[in-house]
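Architecture and fold: a report
What follows is the residue order along each chain.
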Amino acid sequence: GVDLHDPAHYIAWLFQGGLGLPDRDYYTTAGASSDSLRRAYVEHIAKMLTLAGEPASAAKTDARQVMVLETQLAKASLTRIAMRDPAATDHPMTIVRLRSLAPHLSWAAYFSAIGLTVPVTRLNVAQPAFITRVNALLATAPLSQWRAYLRYHALSSSAPWLSTPFVDEDFAFNSRFTGAKQ
């Protein structure tokens, strides 16, 4: 994106992400309605994992683990309102500083995997606290939890192109956020 300090140039940006629900408030808001939605989300994750061949009991366990991990990510995320303030997402830094902020991530491998061919020396880390939290979770969350999380998100992002049961389950859950009827 555009470099906020030098609009004639572009700079790589890192943003928070990785949530299956629309934003952090779906994970952090208290109340019966929010609790019900979170339970429905865990059920949805379990259904998707089951459709992919995981035994139902393991899928339920993995779904709860995905929710735990995503809740941790959500707690480190900025709210939609906070992200409206340009100063809240303006954190230019060198790649050296990014590596010190999140040493458990292989940034060179990440940039290569996403197809960034220009060497990154400077970038804007829109939410440094989020990157720090991801780094901590990489060091502390069990590998099985990360595997369940990645398995579910691979299924979720591919659902529209998978077989009818995946398409139907994906639509049944996600239509509650769009209002679409079919």
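Model, not experiment: these values are computed from the prediction. (Residues numbered from 1 in each chain as written. Predicted model: local features only at pLDDT ≥ 70, side-chain atom pairs only at ≥ 80, totals over all residues. Heavy atoms only, no water.)

1. Observations concerning the overall build of the protein chain
Inclusion rule: A run of H or I in DSSP becomes a helix once it reaches four residues, and a run of E becomes a strand once it reaches two; helices and strands are each numbered from the N terminus. For each residue, the accessible area found with a 1.4 Å probe, counting protein chains only, is set against the maximum for its type, and the residue is called buried under 20%, exposed over 50%, and partly exposed in between. By definition in these notes, contact holds between two residues if any of their heavy atoms fall within 4.5 Å. Only four residue types enter the charge count, namely Lys and Arg as positive and Asp and Glu as negative; His and the chain termini do not. Note on charges: their place is set at NZ of Lys, CZ of Arg, CG of Asp or CD of Glu.
Within the protein chain, the regular secondary structure consists of nine helices and five strands. Its helices and strands in sequence order give the protein chain the pattern β-β-β-α-α-α-α-β-α-α-β-α-α-α, from N to C terminus. If you line up the protein chain on its principal axes, its C-alpha atoms span 50 × 30 × 30 Å. Evaluated residue by residue, the protein chain yields a buried proportion of 36% over its 182 residues. Of all intrachain contacts in the protein chain linking residues separated by at least 6 positions in sequence, the fraction that spans at least 24 positions is 72%. With 17 positive and 14 negative side-chain charges, the protein chain shows a separation of 5 Å between the mean positions of the two kinds.

2. Concerning the nonpolar core
The condition is simple: Side-chain atoms within 4.5 Å are what join buried Ala, Val, Leu, Ile, Met, Phe, Trp, Tyr and Cys residues into a set we call a nonpolar core.
In this structure, Tyr41, Leu98, Trp107, Leu123, Val125 and Ile131 are the most contacted members of the largest nonpolar core, which totals 42 residues. When contributions to this core are tallied by element, the ones reaching two or more residues are α2 (32-51), α3 (56-75), α5 (95-101), α6 (107-113), β5 (122-125), α7 (128-140), α8 (143-158) and α9 (164-178). For valine 125, the contacting residues outside a window of four places in its chain are Leu14, His91, Met93, Leu98, Leu101 and Ile131.

3. With respect to the pairing of β5
Cut-off, in case you're wondering: Note on pairing: DSSP must find at least two bridges between two strands before they are called paired.
Pairing of strand β3 (residues 12-14) with β5 involves three bridges; the strand directions are parallel. Looking at β5, one finds that tryptophan 13 is bridged to asparagine 124. One ladder, built from three bridges, connects strand β4 (residues 92-94) with β5; its direction is antiparallel. In the strand pairing of β5, proline 92 is matched with asparagine 124.

4. Topic: the packing of aromatic side chains
Where we set the bar: Only rings of Phe, Tyr and Trp enter the pairing, Trp through its six-membered ring, and a pair is recorded when the two centres are within 6.5 Å. The plane angle decides the type: under 30 degrees is stacked, over 60 is edge-to-face, the rest tilted.
Applying the stated criterion across every chain, the model contains nine aromatic pairs. Where tyrosine 26 meets phenylalanine 177, the ring centres are 5.4 Å apart and the plane angle is 90°; that geometry is what we call edge-to-face. Placement of the pair is tyrosine 26 in helix α1 (residues 25-28) and phenylalanine 177 in helix α9, with a sequence separation of 151 residues. For phenylalanine 177, a relative accessible area of 27% puts it in the partly exposed group. Here tryptophan 146 and tyrosine 149 contribute two aromatic rings whose centre-to-centre distance is 5.7 Å and whose plane-to-plane angle is 85°, an arrangement assigned as edge-to-face. Of this pair, tryptophan 146 and tyrosine 149 both sit in helix α8, three residues apart, which is roughly one turn of the helix.

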